[in-house]
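One-letter residues, chain by chain:
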Amino acid sequence: MVNSLPGEMIDQVWFIINNDLQGVFPLAKTLTFKLVNDNNRVRYNYYENESLVASFDTPFPYSSEIPEDVWAYDDGESQLILLPAESMQ
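The structure reproduced in this document is the subject of the present report. Position numbers for residues start from 1 in each chain and track the written sequence from start to end. pLDDT decides what is reported in this predicted model: residues at 70 or higher carry local features, side-chain atom pairs at 80 or more are listed and counted, and totals for whole chains, interfaces and linings draw on all residues regardless. Side-chain measures were taken over the full set of non-hydrogen atoms in the model, leaving aside hydrogen atoms and water.

1. A word on the overall build of the protein
Secondary structure elements are defined from DSSP: runs of H or I of at least 4 residues count as helices, runs of E of at least 2 residues count as strands, and each element is numbered from the N terminus. Counting its regular elements, the protein contains two helices and five strands. In the protein, the succession of α and β elements from N to C terminus is α-β-β-β-β-β-α. The C-alpha radius of gyration computed for the protein amounts to 12 Å, which stays within 12% of the reference 12 Å derived for 89 residues, consistent with globular compactness. Dimensions of the protein, computed from the C-alpha atoms along their principal axes, are close to 35 × 30 × 25 Å. Taking all 89 residues of the protein together, the buried fraction comes to 33%. Sequence separation of at least 24 residues holds for 46% of the intrachain contacts in the protein that already meet a minimum separation of 6. Radius of gyration: over C-alpha atoms. The globule rule applied is 2.2 Å multiplied by the number of residues raised to the 0.38 power. Accessible area is worked out with a 1.4 Å probe on protein chains only. A residue is then buried under 20% of its type maximum, exposed over 50%, and partly exposed in between. Here, residues are in contact when the closest pair of their heavy atoms is within 4.5 Å.

2. So, the environment of Met9
Note that Met9 resides in helix H1 (residues 7-21). The sequence separation of Met9 and Leu82 amounts to 73 residues, and the corresponding C-alpha distance is 12 Å. Sequence-distant contacts of Met9, defined by excluding residues within four places in its chain, comprise Leu35, Val42, Tyr44, Phe60 and Ile66.

3. A closer look at the nonpolar core
To qualify as a nonpolar core, a set must consist of buried Ala, Val, Leu, Ile, Met, Phe, Trp, Tyr and Cys residues joined through side-chain atoms within 4.5 Å. Residues Met9, Val13, Ile17, Phe33, Leu35, Tyr44 and Ala72 are the most contacted members of the largest nonpolar core, which totals 22 residues. If you list the elements that add at least two residues to this core, you get H1, strand S1 (30-38), strand S2 (41-48), strand S3 (51-61) and strand S4 (69-74). Looking at this core, the element that brings in the most residues is H1, giving seven residues. With residues near it in sequence (within four places) discarded, Tyr44 still touches Met9, Gln12, Val13, Ile16, Phe33, Lys34, Leu35, Ala54, Ser55, Phe56, Thr58 and Phe60.

4. Comments concerning the pairing of S4
Working note: regular strand, side chains alternate between the two faces of the sheet. Strands qualify as paired when DSSP identifies two bridges or more between them. Bridge count between S1 and S4: five bridges; the pairing is antiparallel. Paired with Phe33 across the bridge in S4 is Val70. Here S4 runs beside strand S5 (residues 79-82); their pairing, made up of four bridges, is antiparallel. Bridge pairing in S5 links Trp71 to Leu82. In textbook terms, the turn of a hairpin is the stretch between consecutive antiparallel strands, and for S4 and S5 this stretch comprises four residues, one of which, Gly76, has a positive phi near 95 degrees.

Below, the structure written as C-alpha cells:
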C-alpha cells in the first residue's frame, strides 16, 4: 500500500511534478515513477510509455522495503499517489 512510502517521499513526487515536469513535458493523467537505489539513496526515475524521461536524485536513504513503482494521478479534480497493485483492487 502507498502508506508504505514515507510522507516526505510522497511529497517529493508532487514537488518533482510541480517544479521539474510541469511545463517541460506534456503530462498524462497518470505518471509513472520508479524508485531505484543510487548509492544507497532513492532516485526517482520518471517514465512515459515505458521509456525513461528524467531522473531525480533525493537525499532519502534507500530501503528494499520501499515500493519499486509509484503512480501519480491527477485528473484536475482528484490527486492521488498510488502503487500499481492498488489500482487492481
